[in-house]
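Observations on the model geometry
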Amino acid sequence: MQSITVLGSTGSIGLSTLDVIRRHPDRYRAFALCAHSQVDKLYEQCLEFQPSFAVLRDAKLAAQLAERFVAVGLKTEVRHGIEALVELSSLSEVDAVMAAIVGAAGLEPTLAAAKAGKKIMLANKEVLVMAGELFMRAVREHGATLLPVDSEHNAIFQSLPGDFSRGLNQCGVQKILLTASGGPFRNTPLVDLAGVTPEQACAHPNWVMGRKISVDSATMMNKGLEVIEAHWLFNAPPEMIQVVVHPQSVIHSAVQYVDGSVLAQMGNPDMRTPIAFSMAWPERIASGVEPLDLFKIAHLDFVAPDFERFRCLQLAYDVLREGGTAPAILNAANEVAVAAFLDGHLPFLGIAKLDEAVLQALPAGPEGSLADVLAADSEARRIAGKMVQERCFA
Ligand code: NAD
Ligand code: MG
């Protein structure tokens, strides 16, 4: 029986994770369910899964939740704040942590899980973007097991030999082919992109996801963050990672070898596949995902990405090459820009402009310690917030 802490249980990945847990009560138990502020949803989840702990971000909401538990006689203990997330990701009773908080907020608890040598199922790609070097070092030094949940990285993991950590060149790998759907605006005329609404940006053609990652998919920043994520997970230099636009999202990514072989992982676009894979690895369990029907799909398309249209993708390659805190700065600027877009304070095309302006305004330093990363993150947020307030790209 594995006890799992789910960071971000009320989100899209969190719900899919609980669905897989629900299918295998003999193998998995939800130890702690953690959310930001969706009290009602977390309450329902706790009634069903009866975790030992529930966590909300603020004390007032946590107190409300605790009262409701008392009223129904539920023993789940309620905590709040980042300290609770850190503790419940590293306690000895915890076997595995599903890192499914969105954005920089997930960094500290996920890093704590690495330092406690846990099995980490990583969806929260921003952790690797912000602090890839620190995080991977913590994983190595503390013997943590890191399993990628992001569908592309999970596909790459499945397509690599088990001992890939000895080096991709040694394994005969020539290239990582990171597939991308191209999002909802792949073919939208450029002039029309200026007036795109949050609802249009969040209507992803193939995947149902949280709002932040949906906007990132529309700008292709998501693919840029994934290039950085792949770099850290597989120790792959940027020139070895090729983005391939594949609108059907059936091939979730592939690995090209020196002998001409290309190994890919395919499946329906449903996150329960990589989630179940990461939970059961090295075994396989049922996930509830419909089997892939190749006859129904009939054909698959591939095109090169357009770096002009998707400026964010270029920015991500640039910060990866620059290194240090540059990726953390881009990530922070982008979180502010996406939130401003979703709130109606920034046009869609302003996202890439703001990201680029913050990168220009704030020089990167070395990624020395967590404090360096957090300082770069908060300074980038401050600058980005000011630009939004001054309506620089409105
Ligand atoms: P979401 O917005 O649906 O859910 C985010 C979850 O994090 C929620 O439970 C929310 O309560 C919690 N959360 C947010 N801020 C928090 C805070 N400060 N403290 C505690 N909890 C907090 O997002 P999602 O789509 O599930 O994505 C989660 C992560 O997984 C992201 O990093 C995303 O890039 C990655 N990911 C998602 C998908 C997908 O299909 N949804 C695919 C690949 C990777
Ligand atoms: Mg992905």
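This is a predicted model, so every value here is computed, not measured. (Residues numbered from 1 in each chain as written. Chains lettered and ligands numbered in written order. Predicted model: local features only at pLDDT ≥ 70, side-chain atom pairs only at ≥ 80, totals over all residues. Heavy atoms only, no water.)

Neighbouring ligand 1 are 22 residues, the closest being Thr10, Ile13, His36, Glu126 and Gly210. Measuring from an oxygen atom of ligand 1, one finds a side-chain N or O atom of Glu126 at 2.7 Å. Protein chains shield 89% of the accessible area of ligand 1, which is 820 Å² for the free molecule. For the shell around ligand 1, the residue count by class is 10 nonpolar, eight polar and four charged. Residue assignment places the shell around ligand 1 across two domains, with domain 1 (2-148) and domain 2 (156-268) each supplying three or more. (Near = heavy atom within 4 Å. Polar contact = N/O pair within 3.5 Å; in protein donor to acceptor, adjacent residues only side chain to side chain. Areas by Shrake-Rupley, 256 points an atom, 1.4 Å probe, with all protein chains shown as cover. Nonpolar A, V, L, I, M, F, W, Y, C, P; charged D, E, K, R; others polar. Domains from an automatic or database assignment.)

All right, on to the domain arrangement of the protein chain then. According to the domain assignment, the protein chain contains domain 1 (2-148), domain 2 (156-268) and domain 3 (323-389). Centre-to-centre, using C-alpha coordinates, domain 1 lies 26 Å away from domain 3. Across the contact, 12 residues belong to domain 1 and 12 residues belong to domain 3. Overall, the association of domain 1 and domain 3 removes approximately 930 Å² of surface from exposure, summing both partners, and the carbon and sulfur fraction of that is 62%. Of all residues in domain 1, the largest losses of buried area upon contact with domain 3 belong to Val129, Met130 and Leu134, amounting jointly to 50% of the total for that side. In this structure, the connection of domain 1 to domain 3 is made through zero salt bridges. Across the contact surface, domain 1 and domain 3 share three residue pairs in polar contact (both at pLDDT 80 or more). Looking at the side of domain 1 that touches domain 3, the elements with two or more residues in it are helix H5 (107-115) and helix H6 (126-141). Looking at which element gives the most residues to the side of domain 1 that touches domain 3, the answer is H6, with seven residues. Of the residues that constitute the side of domain 1 that touches domain 3, the class distribution is seven nonpolar, two polar and three charged. (Contact = heavy atoms within 4.5 Å. Buried area = accessible area lost by both parts, 1.4 Å probe. Salt bridge = Lys/Arg side-chain N within 4 Å of Asp/Glu carboxyl O. Helix = DSSP H or I, 4+ residues; strand = E, 2+ residues; numbered from the N terminus.)

Summarising the element assignment, Arg211 is placed in helix H10 (residues 211-219). Taking the relative accessible area as the measure of exposure, Arg211 reaches 41% and is therefore partly exposed. For the pair Arg211 and Val102, spaced 109 residues apart in the sequence, the C-alpha separation amounts to 9.7 Å. Leave out the neighbours within four places in its chain, and Arg211 touches Pro198, Glu199, Cys202 and Leu342. (Buried < 20%, exposed > 50% of the residue type's maximum accessible area, 1.4 Å probe, protein only.)

Let us now look at the sheet that holds strand S11 (residues 262-266). Pairing within the open sheet is mixed, and its four strands lie in the order S9-S8-S10-S11. Both outer strands of the open sheet, strand S9 (241-245) and S11, are each paired with one neighbouring strand and no more. Adjacent strand axes in the sheet meet at a mean angle of 20° when their direction is disregarded. As paired elements, strand S10 (residues 251-257) and S11 share five bridges and run antiparallel to each other. Within S11, the position partnered with Ala254 by the bridge is Ala264. Each of strand S8 (173-180), S10 and S11 touches helix H7 (residues 151-159); the most contacted strand, S10, lies at about 40° to it. Across the face of the sheet, helix H11 (residues 221-234) comes into contact with S8 and S9 while running at roughly 150° to S8. (Pairing = 2+ DSSP bridges. Axes fitted to C-alpha atoms, helices over the stretch in contact; angles between N-to-C directions.)

Right, let's talk about the coordination of the magnesium ion (ligand 2) for a bit. At the metal site, the magnesium ion (ligand 2) is ligated by Asp150 (OD), Glu152 (OE) and Glu226 (OE), and these contacts range over 2.1 to 2.2 Å. Linear spacing of the donor residues for the magnesium ion (ligand 2) on their chain is D-x1-E-x73-E. Here Glu226 lies in helix H11 and Asp150 lies in the loop between strand S7 (145-148) and H7, a separation of 76 residues in the sequence. Across the pair, exposure class does not vary: Asp150 and Glu226 are buried alike. (Donors = N, O, S within 2.8 Å, 3.2 Å for Na, K, Ca; no water.)

Below, the discussion takes up the pairing of strand S5 (residues 96-99). Covered by surrounding structure in S5 are Ala96 and Met98 together with Val97 and Ala99, the residues of both alternating faces. Bridge count between strand S1 (residues 2-7) and S5: four bridges; the pairing is parallel. Residue pairing in the sheet places Thr5 in a bridge with Val97 of S5. Pairing of S5 with strand S6 (residues 119-122) involves four bridges; the strand directions are parallel. Paired with Val97 across the strands is Ile120, a residue of S6. Between S5 and its parallel partner S6, the chain crosses via H5, and the hand of that crossover is right-handed. (Right-handed = clockwise from strand over helix to strand, strands pointing away.)

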